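One-letter residues, chain by chain:
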Amino acid sequence: MTDLNSKYNQLIAENLEKVESHSSDIMNNGRHEAKDIFSKKGIPSIKNEDYKYTNLLPLYNQEWSLPDFNAPMPFTNIDDIFRCDVPNLDTNIVLTVNGQYYEFQGDKETLPEGMIIGGLAEMSKKHPELVEKHLFKQASQETDSLIALNKALAVDGLFMYVPKGAAFEKPIQIVNLLLGDKPLLTHKRHLIVAEERSHAQIVICDHTLSAERFFDNSVTEIVVNEGALLEYYNIQNQHNGSSQITSVFANVHKDATFHTSTISLHGGLIRNNLRIALIGEGAHADASGLSLTDREQHVDNQTFIEHRVPNCTSNQFFKSVLDEKSTTAFTGRILVQPDAQHTNAYQSNKSLLLTDEASSNSRPQLEIYADDVKCSHGATTGQMDDEALFYMQQRGINSREAKLLLMYAFAFEVIEKVKVEPLAIRIEDLVNKRLRGELSRCNNCEIQCH
Amino acid sequence: MLSIKNLHASIEGQEILKGINLEVKPGEVHAIMGPNGSGKSTLASVLAGRDIFEVTDGEVTFQGENLLEKEPDERAKDGLFLSFQYPVEIPGVSMVNFMRAAVNEVRKHRGEPELKSSDFLKVLRDKKALVEIDSRLTNRSVNEGFSGGEKKKNEIFQMAMLEPKLSILDETDSGLDIDALRIVANGVNKLKTPENSTIVITHYQRLLDYIVPDVVHILYNGKIVKSGGKELALDLEKHGYDWIKKEMEA
Ligand SMILES: Nc1ncnc2c1ncn2[C@@H]1O[C@H](COP(=O)(O)OP(=O)(O)OP(=O)(O)O)[C@@H](O)[C@H]1O
Ligand SMILES: [Mg+2]
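Model, not experiment: these values are computed from the prediction.

Description of the site of ligand 1
All names here are of chain B.
- In the vicinity of ligand 1 there are 15 residues, among which Gly37, Lys40, Ser41, Thr42 and His203 approach most closely.
- Between ligand 1 and His203, the relevant distance is 2.9 Å, taken from an oxygen atom to a side-chain nitrogen or oxygen of the residue.
- When ligand 1 is considered free in solution it has 640 Å² of accessible area, and contact with the protein chains removes 65% of it.
- Ranked by residue count, the leading element in the shell around ligand 1 is helix α1 (residues 40–48), at 3 residues.
- When its residues are assigned to classes, the shell around ligand 1 shows 5 nonpolar, 8 polar and 2 charged.

So, in structure tokens, the structure goes:
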């Protein structure tokens with residue numbers, strides 16, 4: 001066993017009891033098993049094919065502490081935190097702080113009847129049968145030891161239950177905040193269940209509130225039941241000393257749609273795992289991602305879409321704009337099972353390199369075991385089109401603005417997939433500011449984007 | 001307006017322009033003709049500031065100022081317009097936003113206020129009518145999926161929007177059908193004032209029946225080898241370039 005792995009085994013061993021006492025029986029169920037699986041497998045190195053493009057060892061080698069699970073919250077109102085000049089979204093806000101559910105700040109009246117929203121630890125005591133039915137059912141810790149690490153150490157997270165036929169007046173915005181006065185290693189576990197024919201829009205915003213280093217590992221399990229539509233948007237905007245691994249697992253049932261988009265603006269190392277299983281006929285998945293990177297940022301998106309039954313469709317559309325020495329990677333695996341006739345699967349990955357030092361890797365992996373299948377994929381990596389730049393300059397637009405227009409045009413193809421209009425507008429604004437280098441200059445905001 | 005003296009330019013170490021001299025006065029129309037590969041588009045690109053070409057010798061003044069030291073967008077804002085032989089497609093950038101940005105840049109440079117949205121749209125409508133382009137084209141991305149002829153019309157539409165002092169039209173007639181040729185030529189003529197000047201690069205006398213040049217130049221192997229009145233174009237039409245080549249070799 002390497003020193004690194006024994007360090008984490010020790011961390012788990014030392015904290016297991018404390019973690020358990022702040023969590024719930026249902027969440028504690030299997031914690032020891034997870035600990036054993038992790039201890040057997042250890043932190044994945046780049047020799048592991050799944051982590052070929054993302055070297056986690058330097059990160060895990062740094063010194064980290066787990067958060068104080070009893071810490072009082074240093075603020076009371078979300079408006080005190082967000083002082084950016086981006087227009088406010090009209091949403092119901094749910095806050096988590098360092099991986100623990102904090103509170104619901106919104107208008108409970110606007111929530112549909114039967115809707116449950118709260119901390120996973122608390123809700124698994126209040127609604128044990130609902131949570132137990134779905135928790136730990138999808139996220140496989142056998143294939144990824146970091147899922148086991150999350151399971152061993154996650155104290156809390158969010159539970160959201162959308163009852164049959166329910167629809168929302170407003171999107172639910174989950175704001176994950178990280179703050180602390182020492183480098184923190186955080187783990188959180190979310191569970192989202194959308195019952196039959198319901199429709200919900202969820203917006204996840206990841207933010208850092210202090211300049212310390214953070215490293216978050218979050219796992220989200222999602223169930224989209226028959227005929228439901230779940231939209232799940234994630235805006236990753238942390239300072240560049242902050243890293244995160246997100247793993248989203250979604251089971252999509254008959255005639256249901258899972259629509260997800262991840263916008264990565266700032267952050268150190270970001271690894272997003274997206275695993276979607278289309279398990280009922282007529283299920284549909286739409287997954288897109290946009291990352292705008294600079295300095296030494298690294299964003300790695302790994303998707304795995306499984307077509308298990310006939311007549312399902314999936315679309316994937318991932319783009320990145322890379323500046324300075326940043327790097328991105330995309331691995332898109334599509335698995336079409338023998339039964340999944342009439343599958344329609346599409347995948348595209350495009351990167352725009354602004355410097356010679358930036359680099360991006362793209363790796364499509366298609367495994368098709370059915371014969372009546374439409375499956376296409378494409379990847380391009382390119383530089384800014386000089387001729388287009390010159391054309392715009394010839395009409396009086398200076399080179400900086402011309403470049404921005406081109407970058408923006410490139411990014412817009414992903415932004416337009418965001419169906420919550422105020423969110424799309426806000427993302428447009430954030431992307432514009434990000435491309436102009438202005439995000440790092442919002443000075444009266446607590447949120448430390450850099 | 002424009003004064004070119006002994007202009008030499010090369011690309012990848014290969015000299016393409018080998019000492020061009022040209023004077024264009026306000027209000028004049030000059031035609032440049034010449035065989036394929038003689039350097040016509042290169043001259044246009046160098047004047048517009050395309051940096052893949054290296055100017056190795058000579059000087060160019062535009063409205064009394066040194067043109068060559070300016071950035072392409074500054075040249076455009078000073079009133080130099082190039083209608084490209086091969087207009088580039090820019091997916092994702094809408095014609096409307098592109099033109100709004102361009103028009104406002106040019107206005108800012110002239111010390112005029114930005115156009116109000118409604119005023120801008122009115123100008124857009126008027127100018128579209130001038131070159132009779134399909135109004136749906138302006139809702140699309142710049143040149144994306146435009147037919148060859150639509151791209152050329154779109155160039156003249158942009159010229160109408162920007163009201164340049166000097167327009168260089170690089171084979172704007174190629175790819176246009178007979179009606180479109182007439183429309184485009186009429187558009188150019190309507191935009192003509194006693195002050196602004198035009199350089200028309202073409203292979204065909206036909207365009208010059210509509211846009212009547214004051215002077216016709218023949219560019220051959222990187223040099224202007226002959227200049228004359230509009231009848232020079234007729235001679236070329238009749239005899240081709242062989243007699244020029246013979247004259248050069250003699
Ligand atoms: N980007 C480039 N790279 C290399 N050579 C070039 C480039 N652009 C032009 N040239 C060369 O310069 C010479 C002049 O080309 P140019 O396009 O100016 O000709 P032209 O007179 O406009 O021809 P045409 O009538 O066919 O449009 C040609 O030999 C061409 O191959
Ligand atoms: Mg040419």
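Focus: the sheet that holds strand β2 (residues 100–105) of chain A
Residues and elements named next belong to chain A.
- The mixed open sheet is built from 10 strands, whose spatial order is β2-β1-β5-β7-β9-β11-β13-β15-β17-β19. Single-partner strands in this sheet number two, and they are β2 and β19 (373–383). Averaged over neighbouring strand pairs, the angle between their axes works out to 10 degrees when direction is ignored.
- Relative to the sheet, helix α10 (residues 399–415) contacts β11 (257–266), β13 (284–293), β15 (313–322) and β17 (343–353), its axis offset from that of β15 by approximately 155 degrees.

Some words on the interface of chain B and chain A
- Listed as interface residues are 29 residues of chain B and, on the opposing side, 16 residues of chain A.
- Between chain B and chain A, roughly 1900 Å² of surface is buried when both sides are summed, and carbon and sulfur atoms account for 68% of that area.
- It is B:Arg50, B:Phe84 and B:Val88 in chain B that bury the most area against chain A; as a group they hold 28% of the surface buried on that side.
- Summed over the shared surface of chain B and chain A, the result is 1 salt bridge.
- A salt bridge links B:Glu155 to A:Arg395; its shortest N-O distance comes to 2.6 Å.
- The interface formed by chain B and chain A holds 8 residue pairs in polar contact (both at pLDDT 80 or more) in total.
- Listing elements by their share of the side of chain B that touches chain A, those giving two or more residues are α1, α2 (72–77), β6 (80–83), β7 (90–94), α3 (95–109) and α5 (148–162) of chain B.

Examining the sheet that holds strand β11 (residues 215–220) of chain B
Residues and elements named next belong to chain B.
- One open sheet holds the 6 strands; their spatial order is β6-β9-β10-β3-β11-β12, and the pairing between them is mixed. Two strands bound the open sheet, and with one partner strand each, they are β6 and β12 (223–228). Averaged over neighbouring strand pairs, the angle between their axes works out to 20 degrees when direction is ignored.
- In terms of strand pairing, β6 meets strand β9 (residues 166–170) through 4 bridges, oriented parallel. Within the sheet, the bridge partner assigned to Ser83 lies in β9 and is Leu169.
- Across the sheet, helix α9 (residues 242–249) touches β11 and β12, and the angle it forms with β12 is around 115 degrees.

Things to note about the coordination of the magnesium ion (ligand 2)
Residue and element names in this part refer to chain B.
- The protein atoms that coordinate the magnesium ion (ligand 2) are Ser41 (OG) and Gln85 (OE1), at distances spanning 2.0 to 2.1 Å. Of this pair, Ser41 sits in helix α1 while Gln85 sits in the loop between β6 and β7, and the two are 44 residues apart along the sequence.
- For Gln85, a relative accessible area of 16% corresponds to the buried category.

Digging into the environment of A:Ser261
Residues and elements named next belong to chain A.
- Of note, Ser261 is situated in strand β11.
- For Ser261, a relative accessible area of 1% translates into the label buried.
- Ser261 sits 191 residues away from Asn70 along the chain, and the two C-alpha atoms are 33 Å apart.
- Once you skip the residues sitting within four places of it in the chain, Ser261 turns out to touch Tyr232, Tyr233, Asn234, Ser288, Val414 and Val418.

Side note on empty space enclosed by the protein
Residues and elements named next belong to chain A.
- Per the counting criterion, the structure on display carries 7 cavities of 30 Å³ or more.
- Size it by volume and the largest cavity reaches roughly 130 Å³.
- Residue lining of the largest cavity: 14 residues in total, with Thr262, Asn272, Asn273, Leu274 and Asn301 positioned closest to the centre.
- The set of elements that each furnish at least two residues to the lining of the largest cavity consists of β9 (229–237), β10 (242–252), β11, β12 (269–278) and β14 (298–307).
- Here the lining of the largest cavity is built from residues that sort into 4 nonpolar, 10 polar and no charged.

Quick look at the packing of aromatic side chains
- For the structure shown, the criterion picks out 9 aromatic pairs over all chains.
- Centre to centre, the rings of A:Tyr391 and B:Phe84 are 5.1 Å apart; their planes meet at 35 degrees, and the pair counts as tilted. One end of the pair, A:Tyr391, is in helix α9 (residues 386–394); the other, B:Phe84, is in the loop between β6 and β7, on a second chain.
- According to the relative accessible area criterion, A:Tyr391 is buried, its value standing at 0%.
- What makes B:Phe84 buried here is its relative accessible area of 12%.
- Each residue in the set A:Tyr8, A:Tyr60, A:Trp64 and A:Phe215 is aromatic and connected to the rest through ring pairs, giving one cluster.
- The ring of A:Tyr51 is capped by A:Arg271, whose NZ or CZ atom sits 4.1 Å from the centre of that ring.
- Across from the ring centre of A:Phe304, 4.0 Å away, lies the NZ or CZ of A:Arg333, which sits over that ring.

Quick notes on the pairing of strand β2 (residues 14–24) of chain B
All names here are of chain B.
- Sheet topology note: the strand β1 (residues 2–11)/β2 ladder contains 8 bridges and is antiparallel. Residue pairing for β2: Ile4 is matched across the bridge by Leu22.
- Hairpin remark: β1 followed by β2, antiparallel, with 2 residues in the connecting loop; positive phi at Glu12, about 45 degrees.

Points about the packing of helix α8 (residues 231–239) of chain B against α9(B)
Residue and element names in this part refer to chain B.
- Orientation of α8 relative to α9, taken along the N-to-C sense of each, is 100 degrees, at an axis distance of 8 Å. With respect to each other, α8 and α9 are oriented roughly perpendicular. The segment α8 lies against α9, with Leu232, Asp235, Leu236 and His239 engaging Asp242, Trp243 and Ile244.
- Here the residues of the contact of α8 with α9 are counted per class, giving 4 nonpolar, 1 polar and 2 charged.

Observations concerning the environment of A:Ile43
Residue and element names in this part refer to chain A.
- The topology assignment puts Ile43 in the loop between α3 (31–41) and α4 (57–61).
- Sequence spacing of Ile43 and Ser145 is 102 residues, and the spatial spacing of their C-alpha atoms is 6.7 Å.
- For Ile43, the contacting residues outside a window of four places in its chain are Leu4, Asn5, Tyr8, Phe38, Leu56, Leu57, Tyr60 and Ser145.

Reading guide: rules and limits
- Residues numbered from 1 in each chain as written.
- Chains lettered and ligands numbered in written order.
- Predicted model: local features only at pLDDT ≥ 70, side-chain atom pairs only at ≥ 80, totals over all residues.
- Heavy atoms only, no water.
- Near = heavy atom within 4 Å.
- Polar contact = N/O pair within 3.5 Å; in protein donor to acceptor, adjacent residues only side chain to side chain.
- Areas by Shrake-Rupley, 256 points an atom, 1.4 Å probe, with all protein chains shown as cover.
- Helix = DSSP H or I, 4+ residues; strand = E, 2+ residues; numbered from the N terminus.
- Nonpolar A, V, L, I, M, F, W, Y, C, P; charged D, E, K, R; others polar.
- Pairing = 2+ DSSP bridges.
- Axes fitted to C-alpha atoms, helices over the stretch in contact; angles between N-to-C directions.
- Contact = heavy atoms within 4.5 Å.
- Buried area = accessible area lost by both parts, 1.4 Å probe.
- Salt bridge = Lys/Arg side-chain N within 4 Å of Asp/Glu carboxyl O.
- Donors = N, O, S within 2.8 Å, 3.2 Å for Na, K, Ca; no water.
- Buried < 20%, exposed > 50% of the residue type's maximum accessible area, 1.4 Å probe, protein only.
- 1 Å grid on protein atoms, 1.4 Å probe; cavity = no way out; pocket = protein on both sides within 12 Å on 5 of 7 lines; lining within 4 Å.
- Points joined across faces, edges and corners; volume = space filled by probe spheres on them.
- Phe/Tyr/Trp six-rings, centres within 6.5 Å; stacked < 30°, edge-to-face > 60°.
- Lys NZ or Arg CZ within 6 Å of the ring centre and 35° of its normal.
- Parallel < 35°, antiparallel > 145°, perpendicular 65-115°, else oblique.

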